[in-house]
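Structural description and commentary
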Amino acid sequence: MLVIDANQLQGIVTAKHNLCVRAGIDTPTAWNEDQVANLITGFLDGLKVGYDYPAAALDNTRQPLPTKEQRLDSESSDIEFRNGHGRWDYDLMFISFKAKLPIRDYIAASPSHRVAYRRPPVFSSRAL
């Protein structure tokens, strides 16, 4: 989900377990900072995010494909665990953008392109 927080920071909120899905592993039972740092890098590098979806298909049997795509990596984006740092049971993470990217312009262009996201305390992968 494309979001903008109270400080106007644009990003994506997604499920934390996607770190493990992309790595092809089961969600660990215990949090390990080194493992999480590696999962973050592996998740972000080469991640493609589709956005700017057209209206739904007339027959409502299939989801339309995005018209734009943003490639992310660990240089242009970061993952923050705003709640649930140090545990796997809270399943949300925030992908923030460190670089000027077209997806940021898209998010900023219209309130209909984003959801407002409340900013809880930040625990960033930069501190890992």
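Calculation criteria
- Residues numbered from 1 in each chain as written.
- Predicted model: local features only at pLDDT ≥ 70, side-chain atom pairs only at ≥ 80, totals over all residues.
- Heavy atoms only, no water.
- Helix = DSSP H or I, 4+ residues; strand = E, 2+ residues; numbered from the N terminus.
- Buried < 20%, exposed > 50% of the residue type's maximum accessible area, 1.4 Å probe, protein only.
- Contact = heavy atoms within 4.5 Å.
- Areas by Shrake-Rupley, 256 points an atom, 1.4 Å probe, with all protein chains shown as cover.
- Salt bridge = Lys/Arg side-chain N within 4 Å of Asp/Glu carboxyl O.
- Pairing = 2+ DSSP bridges.
- Axes fitted to C-alpha atoms, helices over the stretch in contact; angles between N-to-C directions.
- 1 Å grid on protein atoms, 1.4 Å probe; cavity = no way out; pocket = protein on both sides within 12 Å on 5 of 7 lines; lining within 4 Å.
- Points joined across faces, edges and corners; volume = space filled by probe spheres on them.
- Nonpolar A, V, L, I, M, F, W, Y, C, P; charged D, E, K, R; others polar.
- Core = buried A, V, L, I, M, F, W, Y, C linked by side-chain atoms within 4.5 Å.

To continue, consider the overall build of the chain. Assigned secondary structure in the chain consists of three helices and seven strands. In sequence order, the chain lays out its α and β elements as β-β-α-α-β-β-β-β-α-β. Taken across its 128 residues, the chain has 40% of its residues classed as buried. Long-range contacts, defined here as pairs at least 24 residues apart, represent 63% of the contacts in the chain between residues at least 6 apart. On the chain, roughly 7,400 Å² of surface is accessible, and the fraction owed to carbon and sulfur atoms is 51%.

Throughout the structure, instances matching the rule amount to five salt bridges. For Arg82, the salt bridge goes to Asp5, with nearest N and O atoms at 3.1 Å. Taken together, the residues Arg82 in the loop between strand 5 (77-80) and strand 6 (92-97) and Asp5 in strand 1 (residues 2-5) connect sequence positions 77 residues apart. Given a relative accessible area of 2%, Asp5 falls into the buried group. Residues Arg82 and Glu80 are paired through a salt bridge, measuring 2.8 Å at the closest nitrogen-oxygen approach. The pair formed by Arg82 and Glu80 is uniform in burial state, with each residue classed as buried.

Moving on, we come to the sheet that holds strand 2 (residues 10-15). Pairing within the open sheet is mixed, and its five strands lie in the order 5-6-2-1-7. The open sheet has two free edges, formed respectively by strand 5 and strand 7 (115-117), since each of these has just one partner strand. Strand-to-strand twist across the sheet, computed as the mean angle between neighbouring axes with direction ignored, equals 40°. Looking at chain direction, strand 5 and strand 6 are connected through four bridges and run antiparallel. Considered in strand 6, the bridge of Ser77 is made with Phe97. Contacts from helix 2 (residues 33-44) reach strand 5 and strand 6 within the one sheet, and its direction differs from that of strand 5 by about 135°.

Here we take up empty space enclosed by the protein. One pass over the structure, following the stated rule, counts one cavity of 30 Å³ or more. Considered as a void within the structure, the largest cavity measures approximately 30 Å³ in volume. As for the largest cavity, its lining consists of Glu80, Phe81, Arg82, Asn83, Tyr90, Leu92, Met93, Phe94 and Tyr117. For the lining of the largest cavity, the element with the most residues is strand 6, which contributes three residues. In terms of residue class, the lining of the largest cavity is made up of six nonpolar, one polar and two charged.

Turning next to the nonpolar core. The biggest cluster of nonpolar side chains holds 25 residues, and the ones touching the most others in it are Leu19, Phe43, Leu72, Ile79, Phe81, Ile95 and Ile103. Per-element accounting of this core gives the leading share, five residues, to helix 2. Sequence-distant contacts of Phe43, that is, excluding residues within four places in its chain, are made with Asn18, Leu19, Arg22, Ile79, Met93 and Ile95.

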